[in-house]
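In case you want the letters, here they are:
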Amino acid sequence: MTISQAGGAIVTRFAPSPTGRLHLGHAFSALVSHDLARTHGGNFLLRIEDIDAGRSREAFVDGIIEDLRWLGIGWDGEPVRQSSRLDAYRGALGALGAAGLIYPCFCTRADIAAAAAAPHGPEGAVYPGTCRRLDPADRAQRMQDEPHAWRLAMDAAVARVGAITWHDAAAGVVRAAPARFGDVVLARKDAPASYHLAVTVDDAWQRVSDVVRGADLFEATHIHRLLQALLGLPTPRYHHHALLADAEGRRLAKRDGAPTIAALREAGVEPQPLVADLRAGRMPVGLSVARV
Ligand code: GLU
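Here the structure is a predicted model, which means the values were calculated and not measured.

Peer 1: Looking at this structure, I do not really get the pattern of salt bridges. What am I missing?
Peer 2: Where charged atoms from two side chains of opposite charge come close, those side chains can pair. For the structure on display, the rule yields 20 salt bridges. The shortest N-O distance in the salt bridge between Asp 67 and Arg 265 comes to 3.1 Å. Here Asp 67 is found in helix α2 (residues 58–71), whereas its partner Arg 265 is found in helix α9 (residues 261–266), with 198 residues between them in sequence. There is no split in this pair, since Asp 67 and Arg 265 are both buried. Because the salt bridges share partners, they merge into one network encompassing Arg 13, Arg 47, Glu 49 and Asp 203.

Peer 1: Just to check I follow, could you spell out the site of the ligand for this structure?
Peer 2: Close to the ligand lie Arg 13, Ala 15, Pro 16, Ser 17, Glu 49, Tyr 195, Val 199, Arg 213 and Leu 217, which account for all nearby residues. Here Ala 15 contributes a backbone N or O atom positioned 2.7 Å from a nitrogen atom of the ligand. When isolated, the ligand has an accessible area of 300 Å², and the protein chains bury 77% of it. Along the lines of polarity and charge, the residues of the shell around the ligand split into 5 nonpolar, 1 polar and 3 charged.

Peer 1: Just to check I follow, could you spell out unusual backbone geometry for this structure?
Peer 2: When glycine is set aside, most residues are seen to have a negative phi, and most peptide bonds are trans. For Arg 207, which is not glycine, the phi torsion reads 55° and is therefore positive. Locating Arg 207 in the fold gives a position in the loop between α7 (195–205) and β11 (210–214).

Peer 1: Would you explain helix α3 (residues 86–98) in this entry?
Peer 2: Structurally, the α-helix is built with 3.6 residues per turn, so residues lying three or four positions apart point the same way. Along its 13 residues, α3 runs 18 Å from first to last C-alpha, staying within 8% of the 18 Å computed at 1.5 Å per residue. Looking only at α3, the buried set comprises Tyr 89, Ala 92, Leu 93 and Leu 96. Mapping the buried residues of α3 onto a view down its axis gives an arc of 95°, with all of them on the same face. Opposite the packed face of α3, turned more than 90 degrees from it, sit the exposed residues Asp 87 and Ala 98.

Peer 1: Got a minute to help me understand the environment of Ser 194 in this structure?
Peer 2: Here Ser 194 shows up in the loop between β10 (185–187) and α7. On the basis of relative accessible area, Ser 194 is assigned to the buried category, the value being 5%. C-alpha of Ser 194 to C-alpha of Ile 51: the two residues are 143 residues apart in sequence and 8.0 Å apart in space.

Peer 1: For this particular structure, what's the right way to read the sheet that holds strand β1 (residues 11–14)?
Peer 2: Each strand in a sheet pairs with its neighbour through backbone hydrogen bonds, running either in the same direction (parallel) or in the opposite one (antiparallel). The parallel open sheet is built from 3 strands, whose spatial order is β1-β2-β3. The sheet is open, and its two borders are formed by β1 and β3 (80–81), each paired with just one other strand. Against the sheet, helix α1 (residues 24–39) touches β1 and β2 (43–48), its axis set at about 165° to β1. Strand contacts of α7: β1, β2 and β3, with the helix running at about 150° to β2, the strand carrying the most contacts.

Peer 1: Please explain the packing of aromatic side chains as it appears in this structure.
Peer 2: We describe a pair of aromatic rings using the distance from one ring centre to the other and the angle between the two ring planes. Applying the stated criterion to the full structure yields 2 aromatic pairs. Considering the side-chain rings of Trp 166 and Tyr 238, the 6.3 Å spacing of their centres and the 70° angle between planes classify their relative orientation as edge-to-face. In this pair, Trp 166 is assigned in strand β8 (residues 165–168) and Tyr 238 in strand β12 (residues 237–241), connecting sequence segments 72 residues apart. The residues Trp 166 and Tyr 238 share a single accessibility class, namely buried. What links up through ring pairs into an aromatic cluster is the set Trp 166, Phe 218 and Tyr 238.

Thresholds applied
- Residues numbered from 1 in each chain as written.
- Predicted model: local features only at pLDDT ≥ 70, side-chain atom pairs only at ≥ 80, totals over all residues.
- Heavy atoms only, no water.
- Salt bridge = Lys/Arg side-chain N within 4 Å of Asp/Glu carboxyl O.
- Helix = DSSP H or I, 4+ residues; strand = E, 2+ residues; numbered from the N terminus.
- Buried < 20%, exposed > 50% of the residue type's maximum accessible area, 1.4 Å probe, protein only.
- Near = heavy atom within 4 Å.
- Polar contact = N/O pair within 3.5 Å; in protein donor to acceptor, adjacent residues only side chain to side chain.
- Areas by Shrake-Rupley, 256 points an atom, 1.4 Å probe, with all protein chains shown as cover.
- Nonpolar A, V, L, I, M, F, W, Y, C, P; charged D, E, K, R; others polar.
- Expected span 1.5 Å × (residues − 1).
- Arc of directions from axis to C-beta.
- Pairing = 2+ DSSP bridges.
- Contact = heavy atoms within 4.5 Å.
- Axes fitted to C-alpha atoms, helices over the stretch in contact; angles between N-to-C directions.
- Phe/Tyr/Trp six-rings, centres within 6.5 Å; stacked < 30°, edge-to-face > 60°.

Have a look at this one:
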C-alpha cells in the first residue's frame, strides 16, 4: 500500500465497536492500518466506537485491548472513547441545524417499513420523508412529547455542497454520490450521534490522514464526504481493503461464527505466525483472502 499524496504526517486508526470479540477480519484490518502508519513513520490510533450504549459492553473493550496486545499491535496515546465525545457530536449537529439541514424524525422502524413502496438505497430502505413534511406546529408539539432522531435533509445538503470527490487507494478519485441514501439519521433516538456523524467528526478531530477500513464501508464514505463538506472538515485519503473470506468466498462475520482472536488464542495458536499469515494475505487452514 502506498501513499500517493505528499505532505503531512500519516495518522491511521482502528475503530472497533465493542459489541463482540474481535475476529480475524478485525485483526487483518487493524494490521493493515497499523502497518500503513508504521511504514511511513506515522501514528496509529485506537478509537473505541461505543456510542451504541445498548450493544456496547465494557468486557468487549477489555477484550479489544487484550487481543491487540496479544497480536503485538501497539497504538499511540490513550484510546479515544466515543462515549466521551458526545458534546462534539452535539456541536456538529447544532451546526447542521443552524444551517437548516436537519429535521427531527419521530418514525419507528415499523412506520418506515409500512410506508408505501419505500425505494432501497445502499443501506436498505430509503426514508420516505414523512417527518420532513410535518406541519411546523405539529412538529414543535411532538418534539416536546416524543423521542426523536435527527435526519439530514439530503436534497438540501447535496445542493449546498455541489460536486465533491474523495480519493480511494483502490478506486482512485471517487465522485461522492450520497443522494441515493436519502435522509440518513445523524442522531438516534437513543444516542446523540449516528455512526456516520461520529466517525466523520472524530476522524477530523484526531487528524486521521488515512482512513483504513474494510470494503464493506466503502459506500458509507459517500455520506462521510458529504458531512465533511457541510461541516468544513478535511477529507482524509481512504483505503478500503479487501475483506477476509472463507474457503467458499463468504466474508468473515461475527454472526457466521468467524473465529475470534480469543478462541484462537485459547486453542493454542501463536500470535507471530498468525500475524505473519495475515500480513502475507494467507489465512489459517481453510480460509483465504478474497476481494469482495
Ligand atoms: N466502528 C466500525 C465497525 O466496527 C468501523 C468504523 C470505521 O472504520 O469507519 O465496524
